[in-house]
Amino acid sequence: MTLFDTLDILGTIAFAISGALSAMNRRLDLFGIFIIAFVTAIGGGTLRDVLIGATPVSWMQNTINLYLIGGVTGVSIIFRNKLDYLKKSLFLFDTIGLGIFTIIGVEAGIQTDLDPIICIALGTMTGCFGGVIRDILCNEIPVIFRKEVYATASIAGGICFMILHALKAPINITYIATTLLIIVIRLLVVKYQVSLPMFTVRNQKT
Amino acid sequence: MTLFDTLDILGTIAFAISGALSAMNRRLDLFGIFIIAFVTAIGGGTLRDVLIGATPVSWMQNTINLYLIGGVTGVSIIFRNKLDYLKKSLFLFDTIGLGIFTIIGVEAGIQTDLDPIICIALGTMTGCFGGVIRDILCNEIPVIFRKEVYATASIAGGICFMILHALKAPINITYIATTLLIIVIRLLVVKYQVSLPMFTVRNQKT
Amino acid sequence: MTLFDTLDILGTIAFAISGALSAMNRRLDLFGIFIIAFVTAIGGGTLRDVLIGATPVSWMQNTINLYLIGGVTGVSIIFRNKLDYLKKSLFLFDTIGLGIFTIIGVEAGIQTDLDPIICIALGTMTGCFGGVIRDILCNEIPVIFRKEVYATASIAGGICFMILHALKAPINITYIATTLLIIVIRLLVVKYQVSLPMFTVRNQKT
């Protein structure tokens, strides 16, 4: 198993835990918790595969994710009252997951010979869309549209990847630089509480 | 027309009625009622087709569903105040629909040479996802994540199907046993008011 | 650039503005505004491409939409308090967009050799579904299911297109007649405040 696979698994685990916690907060039942954990972890990659036509989608061809997410759901339920103590590690895993999933998405776009800007969009989609589906299923306005600079970190990482790719940098360096950039941006953003500007319409009667 | 086709049509009708009733409860207009009836009946199969890459999706290649659902919508609207008397038959049709759609989904997975666990997932998706889309469009947390053992019956049926398939049982027996198992589980669950456990996080401030 | 391309761009712009305004009303951040503008403009075409299997979907093969929508988002934000004065032109653009997107959808169905009724459904989907996704992401029951005769105009246009197509009318006449019919229906409907009938269930306890 390569470093890449290991990080992919860490990302899947972090996203699955984040989904399971959301579902428990919404008082869903056991099946609901598993499904929300599942779509949070695989939603982004599934949307990417469907849009570029890479079907059957990847989780159907590699069943390890299904078992992994099932295990994570069980563990999350058992330790649900202890997860507070893990919040910092969770945040880190989640950020690593964002980095890795962004890279996987950009790579899929390059392999399908798409325009660089579309590759970046695919990276962002792969990294962020699982959380969007989680929020829609839990009947909330997706959090990434409201207060996170989550997507921005992913977009910056995608741009960095495409530049290094165009410069024909060695693939390992491209991977590491992209992931590090995403992690650093997200940590800085949270530390300094940066957020994207919001614009509201004055005197609007909807 | 085979027994299988007949049951398929019964399932489509039951799901379409369930969708039309939901939409009328939400005060949607005529077009909204038709669309919700339509997605409830074909949503699961459409998601399955998209994820495995069987496009154009099946309702585009067999227009009978479109006409059938149109007719069901009309009849549901006319008899909307009498449907209470039909609730028991509706529940039965809906459960038969769940059984048949689960089988169709598992079969599609087998035909695409997917792993047995993915075939079961496809069966559950085909049986349950139409209701999930119905609830999302009506702006509710999907009911199957909250209080139904609906999905569990479908999963149990899918497992039964794959075991009989592995044992090379005759296809008719496989179909009948799977459908019966799903119906029996669902009836027992409703009779004895079984529900899946829920887990909530203590002292959680979201 | 043909008249058709010009109108396509007008439609994309109108839909993107409508999405950006919705997002600002929901207090989303910059990224959220762009994404909502984007899915409103390309959602219908993307669903159509995925369901008929035309992947990678069209906005991945033609990046002009991405830049166009980015520009529109910026302009919408800058002039957000002035857009009230543009409401009438916006409504007209939006209606033109509905006409053009309906035609593009019907054409895609004809090119894929689908049944005429499915072609009409594809036209309606291409014209209307972006708005549905916008509403789901903003956590509302889609407006077209509640009070607009939006979809009805699109369906009427689709029927008109298929009849002229069957009669082998020249393609330009087919385009113009379809678009005009959709525009006229929508203007009449808004002027005379027609709405589709709603049906509610008496004494329903959900």
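As the structure is a computational prediction, the values presented were derived from the model and not from experiment. (Residues numbered from 1 in each chain as written. Chains lettered and ligands numbered in written order. Predicted model: local features only at pLDDT ≥ 70, side-chain atom pairs only at ≥ 80, totals over all residues. Heavy atoms only, no water.)

Caption draft 1: Layout of the overall build of chain A. Secondary structure assignment for chain A yields 8 helices and 0 strands. Out of the 206 residues belonging to chain A, those deemed buried represent 53%. Of all intrachain contacts in chain A linking residues separated by at least 6 positions in sequence, the fraction that spans at least 24 positions is 73%. On chain A, roughly 9,200 Å² of surface is accessible, and the fraction owed to carbon and sulfur atoms is 65%. (Helix = DSSP H or I, 4+ residues; strand = E, 2+ residues; numbered from the N terminus. Buried < 20%, exposed > 50% of the residue type's maximum accessible area, 1.4 Å probe, protein only. Contact = heavy atoms within 4.5 Å. Areas by Shrake-Rupley, 256 points an atom, 1.4 Å probe, with all protein chains shown as cover.)

Caption draft 2: The pattern of salt bridges, seen in detail. A full pass over the atoms with the stated rule returns 6 salt bridges over all chains. Across the pair Arg48(A) and Asp49(A) runs a salt bridge whose closest N-O atoms are separated by 3.1 Å. The two residues Arg48(A) and Asp49(A) agree in class, both being buried. For Asp135(C), the salt bridge goes to Arg134(C), with nearest N and O atoms at 3.2 Å. As far as burial versus exposure is concerned, Asp135(C) and Arg134(C) are alike and both buried. (Salt bridge = Lys/Arg side-chain N within 4 Å of Asp/Glu carboxyl O.)

Caption draft 3: Up close: the packing of helix α2 (residues 30-52) of chain B against helix α4 (residues 64-78) of chain B. Residues and elements named next belong to chain B. Contact geometry of α2 with α4 gives a least axis separation of 9 Å together with a crossing angle of 125°. One way to sum up the angle between α2 and α4 is to call them oblique. Judged by the twist between their axes, the crossing of α2 over α4 is right-handed. Here α2 contributes Leu30, Ile33, Phe34, Ala37, Phe38, Ala41 and Ile42 to the contact with α4, which in turn contributes Leu66, Ile69, Gly70, Thr73 and Ile77. Along the lines of polarity and charge, the residues of the contact of α2 with α4 split into 10 nonpolar, 2 polar and no charged. (Axes fitted to C-alpha atoms, helices over the stretch in contact; angles between N-to-C directions. Parallel < 35°, antiparallel > 145°, perpendicular 65-115°, else oblique. Left-handed = near helix turned anticlockwise from the far one by under 90°. Nonpolar A, V, L, I, M, F, W, Y, C, P; charged D, E, K, R; others polar.)

Caption draft 4: Just the UniProt feature "transmembrane region" (unreviewed entry) in chain A, in detail. Residues and elements named next belong to chain A. The UniProt entry lists residues 6-23, 30-47, 59-79, 91-110, 116-137, 149-167 and 173-189 under the feature "transmembrane region" (unreviewed entry), expressed in the numbering used here. A helix fraction of 100% and a strand fraction of 0% characterise residues 91-110, whose end C-alpha atoms lie 29 Å from each other. With 100% helix and 0% strand, residues 116-137 has end C-alpha atoms that lie 31 Å from one another. (UniProt positions renumbered as here; feature names shortened; annotations may be inferred.)

Caption draft 5: Expanded view of helix α6 (residues 116-137) of chain A. Residues and elements named next belong to chain A. The first and last C-alpha atoms of α6 sit 31 Å apart over 22 residues, in line with the 32 Å expected at 1.5 Å per residue. Of all the bends in α6, the greatest, near 45°, is centred on Cys128. Burial analysis of α6 places 17 of its 22 residues in the buried class, which makes it a mostly covered element. For α6, the N-terminal capping position is held by Asp115, with its side-chain oxygen 3.1 Å away from the main-chain nitrogen of Ile117. One or two positions beyond α6, positive phi appears at Asn139, with a value near 65°. (Expected span 1.5 Å × (residues − 1). Bend = angle between axes of the 7 residues up to and from the residue. Polar contact = N/O pair within 3.5 Å; in protein donor to acceptor, adjacent residues only side chain to side chain.)

Caption draft 6: Local environment of the environment of Asp94(C). All names here are of chain C. Structurally, Asp94 is set in helix α5 (residues 87-111). For Asp94, a relative accessible area of 13% translates into the label buried. For the pair Asp94 and Ala14, spaced 80 residues apart in sequence, the C-alpha to C-alpha distance is 5.1 Å.

Caption draft 7: Summary view of the side chain of Thr63(C). The residue Thr63(C) is located in the loop between α3 (58-61) and α4 (64-78) in this model. Exposure remark for Thr63(C): the relative accessible area of 16% places this residue in the buried category.

Caption draft 8: Structural detail: the nonpolar core. Within the largest apolar cluster, 168 residues are counted, with the highest numbers of intra-cluster contacts made by Trp59(A), Met60(A), Trp59(B), Met60(B), Trp59(C) and Met60(C). Beyond its immediate chain neighbours, meaning those up to four positions away, Trp59(C) contacts Leu51(A), Ile118(A), Met125(A), Phe38(C), Ile42(C) and Thr46(C). (Core = buried A, V, L, I, M, F, W, Y, C linked by side-chain atoms within 4.5 Å.)

Caption draft 9: Molecular detail of unusual backbone geometry. A cis amide bond links Thr55(A) to the next residue, Pro56(A), at an omega of -10°. Secondary-structure assignment places Pro56(A) in the loop between α2 (30-52) and α3 (58-61). In the Ramachandran plot, Lys168(A) falls in the positive-phi region, its phi being about 55° despite a non-glycine side chain. In this structure, Lys168(A) sits in the loop between α7 (150-166) and α8 (171-192). Under the relative-accessibility criterion, Lys168(A) is labelled exposed at 72%. The phi dihedral of Asp113(C) falls on the positive side, at around 60°, and the residue is not glycine. Positionally, Asp113(C) belongs in the loop between α5 and α6 (116-137).

Caption draft 10: Just the packing of aromatic side chains, in detail. For the structure on display, the rule yields 12 aromatic pairs over all chains. Pairing Phe15(B) with Phe101(B) gives two aromatic rings, centres 5.2 Å apart and planes at 70°, and the pair type is edge-to-face. Here Phe15(B), found in helix α1 (residues 3-25), pairs with Phe101(B), found in helix α5 (residues 87-111); they are 86 residues apart in sequence, far enough to count as distant. Take Phe15(B): its relative accessible area is 5%, and that puts it in the buried class. Relative to Trp59(C), the ring of Phe38(C) lies with its centre 5.0 Å away and its plane at 90°, an arrangement referred to as edge-to-face. Of this pair, Phe38(C) sits in helix α2 (residues 30-52) while Trp59(C) sits in helix α3, and the two are 21 residues apart along the sequence. The two residues Phe38(C) and Trp59(C) agree in class, both being buried. (Phe/Tyr/Trp six-rings, centres within 6.5 Å; stacked < 30°, edge-to-face > 60°.)

Caption draft 11: Here's a closer look at the side chain of Arg186(A). All names here are of chain A. With respect to the helices and strands, the residue Arg186 is situated in helix α8. Since its relative accessible area comes to 7%, Arg186 is described here as buried. In terms of polar contacts, Arg186 uses its side chain to reach the side chain of Thr95, at 3.1 Å.

Caption draft 12: Seen up close, the environment of Thr178(A). All names here are of chain A. As for its placement among the helices and strands, Thr178 is situated in helix α8. We classify Thr178 as buried; its relative accessible area is 1%. In this structure the C-alpha to C-alpha distance between Thr178 and Ile159, which are 19 residues apart in sequence, comes to 8.7 Å. Look past the residues within four positions of Thr178 in its chain and what remains in contact with it is Ile103, Gly157, Cys160 and Phe161.

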